[in-house]
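Summary of structural features
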Amino acid sequence: MHEPNSQSESSTRHWQALEAHYQRLKNTPLSQLFAINPLRAQHFSVEFSGLFLDYSKQSFDESAFHSLIELAQTSGLEQRRDAMFQGNPTNSTEQRTVLHTALRNPDGEDLVVDGIDIRALVKKEQERLAVFANGIRQGTIKANDGGPFTEILNIGIGGSDLGPKMAVEALRPFAQEDLRFHFLSNPDTPALHAVLREIDPERTLVLVSSKTFTTQDTLANFSSVRQFLAQGLGGDEAAMRHCVALTASPQTAIHQGFAPECVFEFWDWVGGRYSMWSAIGLPILIAIGSAQFNAFLDGARAMDQHFLSAPLNANMPVLLALTGIWNHSVALDRSVMMAAYDSRLQFFTPYVQQLDMESNGKHVDHSGSPLTRPSGPIVWGGLGINGQHAYFQLVHQGTQRVPVEFIGVLKAPDQDSEHQRIVFSNMLAQAEALMVGRSREHIKAEMIEQGYAEDHAESLANHRSFAGNIPSTTLLVEALTPFNLGALAALYEHKIFAQGVIWGVNSFDQWGVELGKVLGKTIYDELRSEPKQDEHDSSTQALIARVFNALR
Ligand code: F6P
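Residues numbered from 1 in each chain as written. Predicted model: local features only at pLDDT ≥ 70, side-chain atom pairs only at ≥ 80, totals over all residues. Heavy atoms only, no water.

1. Observations concerning the site of the ligand
Surrounding the ligand, one finds 13 residues, the nearest of these being Gly-159, Ser-160, Ser-210, Thr-212 and Thr-215. Between the ligand and Gly-159 there is a distance of 2.7 Å, counted from an oxygen atom to a backbone nitrogen or oxygen. At a separation of 2.6 Å, an oxygen atom of the ligand approaches a polar side-chain atom of Ser-210. When the free accessible area of the ligand is taken as 400 Å², the share hidden by the protein chains comes to 87%. Among the cavities detected, the one that contains the ligand is the largest pocket. Split into classes, the residues belonging to the shell around the ligand amount to two nonpolar, eight polar and three charged. (Near = heavy atom within 4 Å. Polar contact = N/O pair within 3.5 Å; in protein donor to acceptor, adjacent residues only side chain to side chain. Areas by Shrake-Rupley, 256 points an atom, 1.4 Å probe, with all protein chains shown as cover. 1 Å grid on protein atoms, 1.4 Å probe; cavity = no way out; pocket = protein on both sides within 12 Å on 5 of 7 lines; lining within 4 Å. Sits in = over half its atoms within 2 Å of the grid points. Nonpolar A, V, L, I, M, F, W, Y, C, P; charged D, E, K, R; others polar.)

Okay, here's the thing in structure tokens:
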């Protein structure tokens, strides 16, 4: 397939139109846009399945929105989307197909890529996974001493950690109660010991999650956990009966001592950060069981269908993508803050952060030419109310504009309506405050009315005023069910894909993480043997020496 150039003539024309819209609108207060169009909230919102997206607090009007849609159309988004779903190579720098969407549709139309029946492959492995997960849940797959497994330890990092950890936490109310889940990603000694203190080797099932099965952090953690199990269970053979591998490189896992029946496979065409729908999702499957896991896949598939079929101007992932395009590439905002107002979503921001920043943190287009406008934003944030008492200050009154994505969940299990009112009043008030701000004149008049002396009110007015006009979107999730969580995660996957297409970047490689790995290997060798002279700059050299001395 012909790779789009980020600077084609028609796209240049649309970018120019958007820049003209931005110049026209940049001094128009957001509240004025609402005054001009009383139907704005209705026009700029979309509902699909259990998700409702309000993007009306964004700083574009109907005409600028129209240009955004035109940009999406001429970027080839629809063609590239269809090509991805059909298994045409989409990851141009690694010549790989990108087919994580096939994982949530094993019963769909035939999908044969390079002579391989993708549906059959997926289905077979999903069946193996379901049988295994069921066995763990029901205690029919037994630990070495004949008892059940009750501690599930996932060892993995990046995409082999963030998605499963996010989903297990979000779906805790659906999880089997006698199972406890642990996630070990960092190889630092305190992280390892914290996990080892919590688990009993006799009850622990270890899932070693690694697409490549070569990631140093994961393998180091696995090696130490393996020794810990061996000590507790009376040898390595017994230890390995407590371990399974989730990987796209099964032979490497087998080579390291895993029995073939303890290896669950996924494939090259599933990117690490898109892999929680595959064998990497085994912790989720064990937690919630196959019926609910299928609902999780169904939710993602429903979002896939929506992304494939809804017109661009009513297509939730595309609309979310276009708000980001407007903010980051036209208004030149450098980051986006995510604020989730439900503790079950506490790991959602780190999950989206990898998904987004590893996918679209790129500086060249498909042809290798430098991008002419900013692409992927810095994604940050966390739980909204905690953030309000920490970093929201900068968003309200700092010197850079930070667009916000609010996420709220309407129904909680065993809901205490009073608590939920507090939560939602906070969320909605923040979005409103960011938008309307408060002028210094208003503040001053208010203070004088409260009895402040004129000069005191004057001196404080600048400190207490808010510029406002900070754009935000609000996403309401009906209830945090497996289905809706699947749809929510797929929404972000497709948002990021759509942005990548519009920016003309390859969202599916991650060359930027490689240099650190290569240099890390060199330094690791020096820390093991002896620091080399004149290999590094003087700062790195001196730091290596200090660490070397501390560790010997
Ligand atoms: O270093 C980045 C990365 O390759 C991510 O893309 C990936 O999710 C993570 O490391 C873990 O890789 P693996 O699953 O192969 O251990």
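2. Some remarks on the pattern of salt bridges
Summed over all chains, the structure comprises 28 salt bridges. A salt bridge links Glu-94 to Arg-96; the nearest nitrogen and oxygen atoms lie 3.8 Å apart. Note that Asp-268 and Arg-96 form a salt bridge whose closest N and O atoms lie 3.3 Å from each other. Of this pair, Asp-268 sits in the loop between β9 (263-265) and α12 (282-309) while Arg-96 sits in the loop between α5 (77-86) and β3 (112-113); the two residues are 172 residues apart in sequence, bridging distant segments of the chain. Arg-96 sits in the partly exposed class, given a relative accessible area of 25%. Each of the salt bridges in this network shares a partner with another, and the network as a whole consists of Arg-440, Lys-444, Glu-454 and Glu-458. (Salt bridge = Lys/Arg side-chain N within 4 Å of Asp/Glu carboxyl O. Helix = DSSP H or I, 4+ residues; strand = E, 2+ residues; numbered from the N terminus. Buried < 20%, exposed > 50% of the residue type's maximum accessible area, 1.4 Å probe, protein only.)

3. Side note on the state of the cysteines
Throughout the structure, instances matching the rule amount to zero disulfides. We note that Cys-243 lacks a disulfide partner, and the nearest cysteine sulfur, in Cys-262, lies 8.5 Å from it. We classify Cys-243 as buried; its relative accessible area is 0%. Judged by relative accessible area, which is 17%, Cys-262 ranks as buried. (Disulfide = S-S within 2.5 Å.)

4. Observations regarding the layout of surface pockets
Put simply, the largest pocket is a space of about 1300 Å³. Every residue lining the largest pocket is counted, 45 residues in all, and those nearest its centre are Ile-157, Thr-215, Gln-216, Asp-217 and Lys-517. Sorting the residues of the lining of the largest pocket by element identifies α8 (189-198), α9 (216-233), α14 (348-360) and α21 (514-528) as the ones contributing at least two each. Per-class residue counts for the lining of the largest pocket are 12 nonpolar, 22 polar and 11 charged. (Points joined across faces, edges and corners; volume = space filled by probe spheres on them.)

5. Regarding the side chain of Asn-360
Inspection of the secondary structure puts Asn-360 in helix α14. Overall, the relative accessible area of 0% leaves Asn-360 in the buried class.

6. Quick word on the nonpolar core
With 115 residues, the main nonpolar core has Leu-282, Ile-286, Leu-345, Phe-348, Leu-485 and Tyr-492 as its most contacted residues. When neighbours within four sequence positions are excluded, Leu-345 is seen to be in contact with Ala-170, Ala-340, Leu-383, Ile-407, Val-409, Leu-480, Leu-485 and Leu-488. Judged by nonpolar contacts, the second largest core, of 23 residues, contains Leu-184, Leu-196, Val-206 and Cys-243. (Core = buried A, V, L, I, M, F, W, Y, C linked by side-chain atoms within 4.5 Å. Contact = heavy atoms within 4.5 Å.)

7. Let's talk about the packing of α21 against helix α22 (residues 538-551)
In the contact formed by α21 and α22, the axes pass within 9 Å of each other and the chain directions differ by 45°. As the angle between them shows, α21 and α22 are arranged oblique. Seen along the crossing, α21 lies across α22 with a hand that is right-handed. Contacts between α21 and α22 pair Ile-523, Glu-526 and Leu-527 from the former with Thr-540, Ile-544, Val-547 and Phe-548 from the latter. (Axes fitted to C-alpha atoms, helices over the stretch in contact; angles between N-to-C directions. Parallel < 35°, antiparallel > 145°, perpendicular 65-115°, else oblique. Left-handed = near helix turned anticlockwise from the far one by under 90°.)

8. Side note on the side chain of His-100
Tracing the chain through its elements places His-100 in the loop between α5 and β3. The contacts of His-100, once residues within four sequence positions are left out, are Met-84, Trp-269, Val-270, Tyr-274, Glu-493 and Phe-508.

9. Observations regarding the environment of Asn-327
Secondary-structure assignment places Asn-327 in helix α13 (residues 316-330). Separated by 267 residues in the primary sequence, Asn-327 and Phe-60 place their C-alpha atoms 9.6 Å from one another. For Asn-327, the contacting residues outside a window of four places in its chain are Gln-58, Leu-332, Asp-333, Arg-401, Pro-403 and Pro-471.

10. What to know about unusual backbone geometry
Look at Asp-114: it is not a glycine, yet its phi comes out positive at around 50°. As for its placement among the helices and strands, Asp-114 is situated in the loop between β3 and β4 (116-117). Relative accessible area serves as the criterion here: at 75%, Asp-114 is assigned to the exposed category. Unusually for a residue other than glycine, Leu-332 sits at a positive phi of about 65°. Topologically, Leu-332 is positioned in the loop between α13 and β10 (335-340).

Fair warning: the whole summary comes from geometry, so function is off the table for now.
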